[in-house]
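# What the coordinates show
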Amino acid sequence: RGTFRTMAAAWLLLALLAWPAAITTAARDLLLNVCMDAKHHKREPGPEGQLYGQCALWKDNACCTANTSVEAHQDQSYLYSFNWDHCGAMPEKCKRHFIQDMCLYECSPNLGPWIDQTDISWRKERILYVPLCREDCEQWWEDCQDAVTCKVNWHKGWNWTTGTNQCPQGTMCQKFKYVFPKPATLCEEIWSHSYSYSSYHRGSGRCIQMWFDPVQGNPNVAVAQYYARVAAACPTPPLPMLLLLLLPTLLCLL
Ligand SMILES: *[C@@H]1O[C@H](CO)[C@@H](O)[C@H](O)[C@H]1NC(C)=O
Ligand SMILES: *[C@@H]1O[C@H](CO)[C@@H](O)[C@H](O)[C@H]1NC(C)=O
């Protein structure tokens, strides 16, 4: 009888100890291999053999359709009717970074740890503070020095009366280097903090790469795993506290 009680108590204790670990694992997995609930994303990631151009990096596992990948390369595409050339033609070497940024946003299944709820008409979720590798941000800024714009934040404040974005009255078209004095200003401010400028380097496994060589696999899978583990392990003080309270009760059973 005593043995039975001891065993029952031991099992109970084991179950209680396993419980937070199971929750943590479940919380972590919810952040991995997911698509955000936004305007053009698929519900779930999967292979897309026909991804176009710069988006082809994600063809093994993507949140975008082939159609979205084609549209991401077009000016004023049906995706967002956004006009890159609002202050005159954007140089091609600059535009390719905006295309890559859109491919990452639309196609990547590795942005789960940075998905945030938002409350606007055209999407339920957005990304916030994705740590962009410093080289990706710096190259974007370098290649866009000669491009011209009238706004720091491209998410809001445009004049949309013609159906595409125009510079609002009272703004002035200026070179990127005056509008965005540092690489971090560009990457962080342009999409209202969708990205944060990371001090980590490409290949470190601690920052998201907008560009990568798909032959070596998608490096952002491991980055998402790392940050999902951090996110899932940290905000759980209530459970250990609960355990601490339950332990004396359990010990009394023995
Ligand atoms: C993508 O789909 C939209 C909506 O169905 C359509 O209007 C557009 O022409 C398609 N684009 C391509 C490149 O097939
Ligand atoms: C918006 O653009 C239209 C058409 O170009 C113009 O008539 C109007 O004054 C603009 N409004 C603002 C607030 O800039």
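Shown above is the structure to which this text applies.
Remember, it's a predicted structure, so these values are computed and weren't measured experimentally.

With that settled, the discussion passes to the environment of A184. For A184, the position within the fold is in helix 6 (residues 183–189). Take A184: there are 19 C-beta atoms within 10 Å of it, and that puts it in the partly exposed class. Sequence separation of A184 and C107 is 77 residues, and the distance between their C-alpha atoms is 23 Å. Setting aside residues up to four positions removed in sequence, A184 forms contacts with C137 and Y197.

The nonpolar side chains of soluble globular proteins are, as a tendency, buried together. Counting residues in each nonpolar core, the largest one holds 48 residues, and the members touching the most others are C55, W58, C107 and L132. Looking at this core, the elements that each hand over two or more residues are helix 3 (92–107), strand 3 (130–132), helix 4 (134–143), helix 5 (176–179), helix 6, strand 6 (195–197) and helix 7 (220–233). Apart from residues no more than four positions distant in its own chain, W58 is found in contact with L51, C64, C103, C107 and S108.

What follows deals with helix 3. For helix 3, built from 16 residues, the straight-helix expectation of 22 Å at 1.5 Å per residue is met to within 8% by its first-to-last C-alpha distance of 22 Å. Summarising the contacts, the buried residues of helix 3 are in contact with helix 2 (66–71) and helix 4.

This next bit is on the site of ligand 1. Around ligand 1 sit N67, V70, E71 and Y78, and those are all the residues in its vicinity. Its residues assigned to classes, the shell around ligand 1 shows two nonpolar, one polar and one charged.

Conventions and cut-offs
Within each chain, residues carry numbers counting from 1 in the order of the written sequence. Working convention: letters from A go to chains and numbers from 1 go to ligands, in the order in which they are written. The predicted origin of the model limits local features to residues at a pLDDT of at least 70 and limits the giving and counting of side-chain atom pairs to 80 or more, whereas totals for whole chains, interfaces and linings rest on all residues. Counting from the N terminus, the helices are DSSP H or I runs at least four residues long and the strands are E runs at least two residues long. Whether a residue is buried, exposed or partly exposed follows from its count of other C-beta atoms within 10 Å of its own C-beta, namely 20 or more, 12 or fewer, or something in between, respectively; the C-beta atoms are built from the backbone. Throughout, a pair of residues is in contact if the C-beta atoms placed from their backbones lie within 7 Å. Nonpolar core, as used here: buried Ala, Val, Leu, Ile, Met, Phe, Trp, Tyr and Cys residues forming one set through C-beta atoms within 7 Å. The span you would expect from a helix comes to 1.5 Å times its residue count less one. Placing the C-beta atom from the backbone, one calls a residue near a molecule or strand if that atom lies within 6 Å of it. Three classes are used: nonpolar for Ala, Val, Leu, Ile, Met, Phe, Trp, Tyr, Cys and Pro, charged for Asp, Glu, Lys and Arg, and polar for all others, with Gly counted as polar.

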